[in-house]
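Here is what each chain is made of, one letter per residue.
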There are 2 protein chains.
Amino acid sequence: MKDLFSTDLTLGILGGGQLGKMLLTETRKYDIRTKVLDPSADAPGRLSCNQFVLGDFKDFDTVYSFGKDVQYLTIEIESVNTDALEKLRDEGVSVNPSPEVIKIIQNKAGQKEFYRDHQIATSPFLTFGSKAELLEAVEQGSVTIPFVWKAASGGYDGFGVSIVKKKEDLYPLGEGACIAEDLIPFEKELSVIVARNAQGEMKCFPTVEMEFHPTANQVEYVLCPADLSNDLDSKARDLAMKVADALKLEGVLAVEMFLTREGEILVNESAPRTHNSGHLTIENNYTSQFEQHLRAVLGLPLGDTTMKCPAVMANLVGAEGHSGDVTYEGYGDLLAMAGVNIHIYGKRQTRPFRKMGHVTVIGKTRAEAREMAERAKEGIQVKSIKS
Amino acid sequence: MKDLFSTDLTLGILGGGQLGKMLLTETRKYDIRTKVLDPSADAPGRLSCNQFVLGDFKDFDTVYSFGKDVQYLTIEIESVNTDALEKLRDEGVSVNPSPEVIKIIQNKAGQKEFYRDHQIATSPFLTFGSKAELLEAVEQGSVTIPFVWKAASGGYDGFGVSIVKKKEDLYPLGEGACIAEDLIPFEKELSVIVARNAQGEMKCFPTVEMEFHPTANQVEYVLCPADLSNDLDSKARDLAMKVADALKLEGVLAVEMFLTREGEILVNESAPRTHNSGHLTIENNYTSQFEQHLRAVLGLPLGDTTMKCPAVMANLVGAEGHSGDVTYEGYGDLLAMAGVNIHIYGKRQTRPFRKMGHVTVIGKTRAEAREMAERAKEGIQVKSIKS
């Protein structure tokens, strides 16, 4: 095994948002040298790295010149320049997840096709090169309302996804390539974070349940463990491992799934990186998702994922009607609540539904943690200073 | 409560060693602005702060000019210039622990007198202005061998403490002011970390047991929880709270104690800061000692100290016979052991018994964790590159 602690070997990270920031906590723990690329001078990950580079991770030259002097390179976001990553990989940089995996995931149409081609259960779908093609298919009846529309590329945090319930919902959709998926009536939305390393070793974190915000199409609560039969739980984990293995992934992969009313589990979508549904692993598991990702991309043995306590995570998002310099109100009572862990990402500007932080509540039972998480979320207000 | 998250309010920290570094992990979690002063350009805490200042925290002018533009100021080490801290406090900076507390603790003679004056159980002792005075007392029989010698000031990590068992042991002792304590035959060495805030609220972490290295006079293992009757456990916690209250401390205080063979608990010494005996709180408790210290010095409500799992910490110190640029050997197997958490401080130079990192093992039982900690400590070797 390579000597990595307190050496000059460097891990480059494309993206210094909250995921990059929480990954840096782990690199500091092992004293691994890091270099972060982000387009914002105020990025949450601007501290805790050895070197911060201001620049666009979508730009070929920027990524290539950023990566030339690192030995390991990873991402916190999929929307990066994969051509530069390929060139760097060919020149000897250890790039994980691989450029090929990132490309598959970047395009939601390609991602769905990948599932279909690898016999990974997913909802039926059709792909379209443009909105015009989609509209024609609706006209001809090969796509029937209701359905789920997803932009093939560029979606993030609930943007780029719409449920088309009536004809009028078609008007605001983007013009570009897209997919139309069957609208699946589901019981629960689940997520399994699985890690896989170069040796093909795989480890899953406990299956979690996600509760979505009714209007923002964004995860509001993540609950661990999921309330599932052992049988369904292993089905979910097996499915996640099947995806990671098919991708030959090195790193962590978050696999979001639907549990249908018929007891089927379908893959919704995957992300080859740390994920919002895994934030509670920081307090809750023997190894956090961030440490696990670090281990996997550095070719180290994977960590144990045993749960310490039941936990519930709530996202702290910008309040509606508030944009501008952020201020956090009312968190005093939260700090006094046993088991409440507040994470503030350090973004200076808030806007409605922007992810500004999260709260993980650990408790003796999941029900207790869920109730406290709701109180915590109501207790803290993410507002703008003048409004 | 003051708005502290993502603002320009700044916490200054005197000392950027491992304790400062682990405190910074918590300031990042809350996005609290920080400024660190340390004499080493390579200090573990040089990253993760907003501003790093190179300089000597024992020097009046350096500390005063460092502290002039911060709102909160704390320490990771007691050997700081307290005159500068007093001036800063008088000018409105919130300095915690207070300069008065630091002064009491800095001088081991003064510290023992403080215990005596406040009816806090401690071993009998005599203070001397110089080695010559001590030798005279030994000559006259008012101090009898065996006894424990401690330098009044400047001791650290086992330096400045000697057990005088025979006359020859007197020769190498330092020339300065010192104390001679009765040598107490004890059952166990215990530590309680207690936090106290401005409102006088106090919270103890679970009592831990410390196992010392046979020759280095340094903590080798810390075990949580201590194996004690409920009665002795509350006695230990009460004693720790009595010290914190007598000091009117704001921050955390590590109180090291002896459990004598007669079942008495005596205070050995205290430190008004985070402490080696509390490192396992990072993985093990609802709130870590570092977060607790941060909460206390910022005037926030204290966090819950409930234990998640039994845990054992082992210090990773430089191997004997090795000095120079550090390298860590054999840690691959450790990374594969469930419940093992490796912390590498990031000091580039090793020397025998220098604290270079630690391992916290969490387990289903304390016995399991203790056994794994020993295997972990044996598994990883802290050596110099050329030797």
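Everything that follows concerns the structure shown earlier in this document.
What counts, and where the lines are drawn
- Residues numbered from 1 in each chain as written.
- Chains lettered and ligands numbered in written order.
- Predicted model: local features only at pLDDT ≥ 70, side-chain atom pairs only at ≥ 80, totals over all residues.
- Heavy atoms only, no water.
- Pairing = 2+ DSSP bridges.
- Helix = DSSP H or I, 4+ residues; strand = E, 2+ residues; numbered from the N terminus.
- Least-squares fit on C-alpha atoms with pLDDT ≥ 70 in both.
- Contact = heavy atoms within 4.5 Å.
- Buried area = accessible area lost by both parts, 1.4 Å probe.
- Salt bridge = Lys/Arg side-chain N within 4 Å of Asp/Glu carboxyl O.
- Polar contact = N/O pair within 3.5 Å; in protein donor to acceptor, adjacent residues only side chain to side chain.
- Buried < 20%, exposed > 50% of the residue type's maximum accessible area, 1.4 Å probe, protein only.

A short note on the sheet that holds strand 2 (residues 33–38) of chain B
Residues and elements named next belong to chain B.
Item 1. Pairing in this open sheet of five strands is parallel, and the strands run 3-2-1-4-5 from one edge to the other. Since the sheet does not close on itself, it has two edges, and those belong to strand 3 (51–54) and strand 5 (94–95), each with one partner.
Item 2. Sheet analysis places strand 2 next to strand 3, joined by four bridges and oriented parallel. Bridged to Asp38 within strand 3 is Leu54.

Topic: the relation of the copies chain A and chain B
Item 1. Placing chain A over chain B gives an RMSD of 0.0 Å and needs a rotation angle of 180 degrees, together with 0.0 Å of translation along the axis. Such values leave the two copies arranged in the relation of a two-fold axis. Minimal C-alpha distance to the rotation axis in chain A is attained by Ser48(A), lying at 1.9 Å.
Item 2. Comparing interface residues between copies, 100% of those in chain A also lie at the interface in chain B; the contact surface is shared.

Considering the interface of chain A and chain B
Item 1. Listed by partner, the interface residues are 50 residues for chain A and 50 residues for chain B.
Item 2. When the buried surface of chain A facing chain B is broken down by residue, Phe5(A), Tyr286(A) and Leu335(A) rank first, second and third, together holding 16% of it.
Item 3. For the pair chain A and chain B, the number of links is two salt bridges.
Item 4. Notably, a salt bridge pairs Asp8(A) with Arg348(B), separated by 3.4 Å at the nearest N-O pair.
Item 5. Our enumeration of links across chain A and chain B arrives at 19 residue pairs in polar contact (both at pLDDT 80 or more).
Item 6. Sorting the residues of the side of chain A that touches chain B by element identifies helix 1 (18–29), strand 17 (324–329), helix 10 (332–335) and strand 18 (340–344) of chain A as the ones contributing at least two each.
Item 7. It is strand 18 of chain A that provides the largest number of residues to the side of chain A that touches chain B, a total of five residues.

Examining the pattern of salt bridges
Item 1. The final tally for this structure, using the stated rule, is 52 salt bridges over all chains.
Item 2. Residue Arg295(A) pairs with Glu291(A) through a salt bridge whose shortest N-O separation is 2.8 Å. One end of the pair is Arg295(A) and the other is Glu291(A), both in helix 9 (residues 289–297) and four residues apart, which spans about a single turn. The residues Arg295(A) and Glu291(A) share a single accessibility class, namely buried.
Item 3. Here Asp31(B) makes a salt bridge to Arg28(B), at a shortest N to O gap of 3.2 Å.
Item 4. What makes Asp31(B) buried here is its relative accessible area of 4%.

Topic: the side chain of Lys150(B)
Residues and elements named next belong to chain B.
Item 1. Positionally, Lys150 belongs in strand 7 (residues 147–151).
Item 2. Taking relative accessible area as the criterion, Lys150 reaches 4% and is therefore assigned buried.
Item 3. At a separation of 2.8 Å, a polar atom in the side chain of Lys150 contacts the side chain of Asn268.
Item 4. Beyond its immediate stretch of four places on either side in the chain, Lys150 contacts Lys108, Gly160, Val161, Cys178, Ile179, Glu181, Asn268 and Glu269.

What to know about unusual backbone geometry
Trans peptide bonds make up the majority, and among non-glycine residues the majority have a negative phi.
Item 1. Cis geometry marks the peptide bond from Ile145(A) to Pro146(A); its omega dihedral reads 5 degrees.
Item 2. If you trace the backbone, Pro146(A) turns up in the loop between helix 6 (131–140) and strand 7 (147–151).
Item 3. Of note, Lys248(B) is a non-glycine position whose phi angle comes to about 50 degrees, a positive value.
Item 4. Since its relative accessible area comes to 59%, Lys248(B) is described here as exposed.

Worth remembering: the numbers are spatial, not functional.
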